[in-house]
Structure formats: structure tokens, C-alpha cells
Amino acid sequence: SPSCPDGPKRRVCYYYDRGIAGVDYGEDHVMVPRRVDMAHALIRSYGLLGDMSRLRTRPATYDDISAFHDRGYADLLGSLTPEAFAGGGEAELTARSFNIGEPSKKEDPRSVDNPPIAGLWDYCCRYAGGSLAAARALAAGRHDIAINWSGGMHHACRDKASGFCYVNDIVLAIRELLAAFARVVYVDIDVHHGDGVETAFVDSGRVMTVSFHQGTTDFFPKGRGKLQDVGVGEGLYRAVNVPLHAGMDDEGYYGLFQPIMEKVMEVFQPEAIVMQCGGDSLSGDPLGSQNLSIAGHARCVRFMRSFNVPLLLLGGGGYTINHVAACWCYETAVALGKEIDDDIPQHCYDSYYQSQGYKLHYPVKKGLKNDNTNHHVTQTKNTVLRNLAELAA
Ligand code: VJV
Ligand code: CA
Ligand code: ZN
């Protein structure tokens, strides 16, 4: 069979729904769905689309979404319009009770995390539909790697919105995978803790969740993802949390990621992997304070790919849109086992990359203070590995 330098060639399928590009969280909101269209345009300009299958995605249905989400919450998502919300009354109160438009009246209305956006239901069905279709392609054994950069909305809860996330496409996709695979590993390199996914499977013996995140005081989601949070019941030691201080660099990050994920794969023996590739762990992100390069971020993807286990790659956060688009394009190439040129080809969005000299790999912050001491990193690694050893025993 055909091969690439690192093992057999992988059959990759890629999901992109154009209906997502125009979604608007609000004028100054940090979440910009257009970044996925930018990633897509970049992927096309590098000629990578021809190397992947692209299947039509049907948007997720009410039944798909309510398989995990509370029906009352799904009903609200399906009926809420910006007009109804602005009109006050019942619609506004109900929305706020589900954390849309936020519960507090004191907050500046222009800076809510989860605004009542136009086309909300359609947006949720499209990004969730992509992750579900991707999971089904892996479950059917038709592909080795499936990609949906518009997914990865890891904060959404069963009955409320949280952290820019309304529907938890990751939970839906993992549930789909569990129909075909005995055990699934979820790994989350977004700078925020993957709380919605961890909570959904915290007592499951079939899903192991692993999140690397910024764990500094008050960082969102506050109080979640502590080193000591290890799962409960059947899920004991099947939740893994790796909190980091600000300024983590490529070397320090991979020094934790590689041994921890190696051990996770060894003790849990998953039949599928879901990886949330949030780009807010990259250097220079306005929300996160880590110092990863695109190469350092992608090295984690390459490592998970090397296990030759069905792999679902999802997006997530990432608030410097040119950096995120470059990152997800590079990681698409990694999935394909291809090396792509650092020079960004001419295409419709190329002016966005002027600040990085039209190069894919922009430089990390030189001399940024790394608050993760060697001692702290070693302690964290040893604690996690000790917990994982409990599963091997
Ligand atoms: O920290 C919070 C919660 C508050 C209340 C709401 N205000 C707006 C901010 C403070 C306590 N929320 C975080 C949510 C982060 C979600 C990350 C999502 C992901 O990357 O993990 C996956 C997609 C937060 N941090 C920064 C902001 N919100 C933020 C929101 C804005 C904003 C600036 C910063 C919303 C609107 C506008 N500016 C105009
Ligand atoms: Ca994370
Ligand atoms: Zn994030």
C-alpha cells in the first residue's frame, strides 16, 4: 500500500460547511467564525483539497442534538432570534436562564460571551453536523483521519451555553464513535480546560479525557481542570488534567505531552482518538498566554497520528485569526503526511498574512517569561504518570 515517510498513507476526509463563514458573534467579539473560511481558503491554495475526500454534510438534526442536550435548551436554541431577545420579555428571560445573553444585567451588553446571534440554530446544526459526519466516517472504517475545523466547542453543557459554545459537537461525536469503538481517548490542546467534555464522560470507563490548559488563578473556566481532578466511579483515573502557567514554550509543552499521551495510549488502549486543536495555545493569542509555535502545536497532532488509530481532528479556540488559519492548514498537511512550503500562496485572504511576512510559520515571542519552572513541570508530569499507572495495575 502507498506510504509516506511516517508509516502508511492515511485516508483523510475533510468537512467544511460554507454556511459557517458568515456567522457573526458581534462586532468586537473575539470569536470569528470566518477564521475557518480562511483556513479553508489556505488549504485550497496549497492544493490539499485534492488529497482528501469531501463529502456532503447534512446539518445535525434536533434529534442528533437532543441525544445529549436537554430538550428545553435545544428548543430555546431552535427558536431564539436576536429580535425576540431584544424585545425583552419571555424570550430574553429564557435565553438568559440558559446562559445566552448572560444571566447578569450588570454586564456590558456588547461583551457577552454567548450572544443571541442571528442564525444560531443553523450555525449549531452545521458545526455539529460536520463533527457527527466525521465521526460516522471513522466508525464506518471508510477513513483513518477526519477533520472538522469548525467543531471543537468543548465548553457547551447539557443544558446551557458556555464560553462561546452552544452545542457540544465533541460530546455528540464521541457518543457516535462509542457505537463502533470500545474506548475513545479525547485530547484537548486548546488553552482552556475542556470542561463540557470532561463533565459528560467523568464517570465513564469507555472515554478518557485529557486536557492541557492554562491553570492560572481565575482563568476560564474558573476552578476546573485541576491536577487532582481525575474522574469518578468507572471513570476514576480516566480524566487527566495538565494545568500550565503562562509562557509555556514548544519544548516544555512537548516534554509533557509526549510522555503523558504515550502512557495514556498504553494503559487505555483506545480504538479511536478525538483531538481538539484549539489555536489559542499559540504564541501571541489575546486570551491565552502560552508561547507555542505552529510547529510545536502541530507536533502534538503528528504524535497522536503516529499511533495509527482512527483520529478525529477538531478546531476550537484561537483568536488571532491569521495564526489560527495558518495552524489548521499546516495541521491538515500533517494529517496527510505532507510537508508544505512556508510561503503562503496568493489567494483571496493573503493580505491577512502581511504581518507575518506571508509565511505560514510566524515567530514566537522571544524572551517571553516562562512561568513553568522545570521543577513544576516535572512534578506535574510525575503526578499524572503516577495516576495513569493506577490503570495499568
Ligand atoms: O472569562 C469569561 C467570563 C467572564 C464573563 C463574560 N465576560 C465577557 C468575560 C468574563 C467571566 N469568559 C471567557 C470565555 C472564554 C471562552 C474560550 C472558548 C474556547 O476557546 O475554549 C473554545 C472555543 C472569556 N475570556 C475572554 C472573553 N471571554 C472575552 C469575551 C468577549 C470579549 C473579550 C473577551 C466577548 C465580547 C467582546 N469582547 C466584545
Ligand atoms: Ca485544553
Ligand atoms: Zn480556548
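Scroll up to find the structure.
On a predicted model such as this, the values are computed, not experimentally measured, just so you know.

Right, let's get into the overall build of the protein chain. Broken down by element type, the protein chain carries 12 helices and nine strands. Since a compact globule built from 393 residues should have a radius of gyration of about 21 Å, the 20 Å found for the protein chain is in line with a globular shape. By residue count, 56% of the 393 residues in the protein chain fall in the buried class. Partitioning the intrachain contacts of the protein chain with sequence separation of at least 6 by distance along the chain shows that 77% fall at a separation of at least 24. Accessible surface, the protein chain: about 15,700 Å² in total, of which carbon and sulfur atoms supply 49%. Across the protein chain, the centroid of the 38 positively charged side chains sits 4 Å from that of the 47 negatively charged ones.

The next thing to look at is the coordination of the calcium ion (ligand 2). Donor atoms from the polypeptide that bind the calcium ion (ligand 2) are Asp188 (O), Asp188 (OD), Asp190 (O), His192 (O), Ser211 (OG) and Phe212 (O), placed at 2.4 to 3.0 Å. Mapped onto the polypeptide sequence, the residues donating to the calcium ion (ligand 2) form the spacing pattern D-x1-D-x1-H-x18-S-F. Here aspartate 188, found in strand β5 (residues 184-188), pairs with phenylalanine 212, found in strand β6 (residues 207-214); they are 24 residues apart in sequence, far enough to count as distant. Its relative accessible area of 1% is what places phenylalanine 212 among the buried residues.

Turning our eyes to something else, we now look at the coordination of the zinc ion (ligand 3). For a metal bound by four donors in tetrahedral geometry, the ideal donor-metal-donor angle is 109.5 degrees, whereas six donors in octahedral geometry ideally sit at 90 or 180 degrees. On the protein side, the zinc ion (ligand 3) has Asp190 (OD), Asp190 (OD), His192 (ND1) and Asp280 (OD) as donor atoms, found 1.9 to 2.8 Å from it. Each of the six donor atoms around the zinc ion (ligand 3) contributes to a set of angles spanning 51 to 156°, which defines the coordination as irregular. Sequence spacing among the residues donating to the zinc ion (ligand 3) works out to D-x1-H-x87-D. Placement of histidine 192 in the loop between β5 and α8 (195-201) and of aspartate 280 in the loop between β8 (272-276) and α10 (294-305) is noted, with a sequence separation of 88 residues between them.

On to the nonpolar core. Soluble globular proteins: nonpolar side chains tend toward being buried together. Ranked by internal contacts, the top residues of the largest apolar core, which has 74 residues, are Phe212, Phe257, Ile260, Met261, Met275, Met304 and Leu313. No other element matches helix α11 (residues 321-336), which puts 12 residues into this core. If we ignore the near neighbours within four places in the chain, the residues touching isoleucine 260 are Phe212, Val240, Val242, Val384, Leu385 and Leu388. Counting residues in each nonpolar core, the second largest holds 57 residues, with Met31, Phe68, Leu77 and Val207 among its members.

Bringing the packing of helix α9 (residues 250-268) against α10 into the picture now. Packing of α9 against α10 brings their axes to within 10 Å, and their N-to-C directions diverge by 15°. When the interaxial angle is binned, α9 and α10 end up roughly parallel. The chirality of how α9 crosses α10 is right-handed. Packed against α9, whose contacting residues are Asp250, Tyr253, Tyr254, Phe257, Gln258, Met261, Glu262 and Met265, the element α10 presents Gly296, Arg299, Cys300, Phe303 and Met304 at the interface. Of the residues in the contact of α9 with α10, the class split is eight nonpolar, two polar and three charged.

Compared with an ideal rise of 1.5 Å per residue, which puts 19 residues at 27 Å, helix α12 (residues 374-392) spans 27 Å between its outermost C-alpha atoms and is within 8% of the ideal. All buried positions along α12 are accounted for by Val377, Thr380, Thr383, Val384, Leu388 and Leu391. All buried residues of α12 project into a common sector of 135° when viewed along the axis, lining one side. Facing away from the buried side of α12, by more than 90 degrees, are the exposed residues Asn374, His375, Arg386 and Ala392. Residues of α12 that are buried make contact with β6, β7 (239-244) and α9.

Parameters at a glance
Residues numbered from 1 in each chain as written. Chains lettered and ligands numbered in written order. Predicted model: local features only at pLDDT ≥ 70, side-chain atom pairs only at ≥ 80, totals over all residues. Heavy atoms only, no water. Helix = DSSP H or I, 4+ residues; strand = E, 2+ residues; numbered from the N terminus. Rg over C-alpha atoms; globule rule 2.2 N^0.38 Å. Buried < 20%, exposed > 50% of the residue type's maximum accessible area, 1.4 Å probe, protein only. Contact = heavy atoms within 4.5 Å. Areas by Shrake-Rupley, 256 points an atom, 1.4 Å probe, with all protein chains shown as cover. Lys, Arg positive; Asp, Glu negative; His and termini not counted. Charge placed at Lys NZ, Arg CZ, Asp CG, Glu CD. Donors = N, O, S within 2.8 Å, 3.2 Å for Na, K, Ca; no water. Tetrahedral: all angles 85-135°; square planar, octahedral: opposite > 155°, others 65-115°. Core = buried A, V, L, I, M, F, W, Y, C linked by side-chain atoms within 4.5 Å. Axes fitted to C-alpha atoms, helices over the stretch in contact; angles between N-to-C directions. Parallel < 35°, antiparallel > 145°, perpendicular 65-115°, else oblique. Left-handed = near helix turned anticlockwise from the far one by under 90°. Nonpolar A, V, L, I, M, F, W, Y, C, P; charged D, E, K, R; others polar. Expected span 1.5 Å × (residues − 1). Arc of directions from axis to C-beta.

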